[in-house]
Amino acid sequence: MTVAGSKRLRLASCIDAILEIHSILLEDGEEPEWLARFKDLERALNDLEVDFLTEEEVGQVEEATNRLLGELKNSFCFCETDALRPGPFH
């Protein structure tokens, strides 16, 4: 895998994680504008020239995503189906 391919995959993973968590949180609610922007970002990732992103910038996105996941870890659990669901972590 190329360096650019690796960066693209890492960014896509962060975006996917955020979208998945928020889709669970908003199952019955209306989608806020910022969530629509993340979906736009996901689509724009295909056109992004990742060669111009530094390793540090990609790392900052990963770090921010990990902080968000860390803050939410007590609010979610893996159920018997290995699906992420709202609820306390066991």
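Residues numbered from 1 in each chain as written. Predicted model: local features only at pLDDT ≥ 70, side-chain atom pairs only at ≥ 80, totals over all residues. Heavy atoms only, no water.

Draft legend 1. Just the nonpolar core, in detail. Grouped together as the largest cluster of nonpolar side chains are eight residues: Ala 4, Leu 11, Ile 15, Leu 19, Leu 35, Leu 45, Val 50 and Val 58. Here this core gets four residues from one element, more than from any other, and that element is helix α1 (residues 3-25). For Leu 45, the residues in contact, after removing those within four places along its chain, are Arg 8, Leu 11, Ala 12 and Ile 15. (Core = buried A, V, L, I, M, F, W, Y, C linked by side-chain atoms within 4.5 Å. Buried < 20%, exposed > 50% of the residue type's maximum accessible area, 1.4 Å probe, protein only. Helix = DSSP H or I, 4+ residues; strand = E, 2+ residues; numbered from the N terminus. Contact = heavy atoms within 4.5 Å.)

Draft legend 2. Representation of the environment of Gly 5. Within the element layout of this structure, Gly 5 appears in helix α1. In this structure, the C-alpha to C-alpha distance between Gly 5 and Val 50, residues 45 residues apart in sequence, is 8.1 Å.

Draft legend 3. Inspection of the side chain of Thr 65 at higher detail. Structurally, Thr 65 can be placed in helix α3 (residues 55-72). Within the structure, Thr 65 has its side chain in polar contact with the backbone oxygen of Val 61 (distance 2.9 Å). Apart from residues no more than four positions distant in its own chain, Thr 65 is found in contact with Cys 14, Ala 17 and Ile 18. (Polar contact = N/O pair within 3.5 Å; in protein donor to acceptor, adjacent residues only side chain to side chain.)

Draft legend 4. The pattern of salt bridges, seen in detail. The full count for this structure, using the stated rule, is four salt bridges. A salt bridge links Arg 67 to Glu 63; the shortest N-O distance between them is 2.9 Å. Of this pair, Arg 67 and Glu 63 are both found in helix α3, four residues apart, which corresponds to roughly one turn of the helix. Overall, Arg 67 belongs to the partly exposed group, its relative accessible area being 47%. The class of Glu 63 is partly exposed, set by a relative accessible area of 47%. Beyond isolated ion pairs, a larger network of salt bridges with shared partners links Arg 10, Glu 55 and Glu 62. (Salt bridge = Lys/Arg side-chain N within 4 Å of Asp/Glu carboxyl O.)

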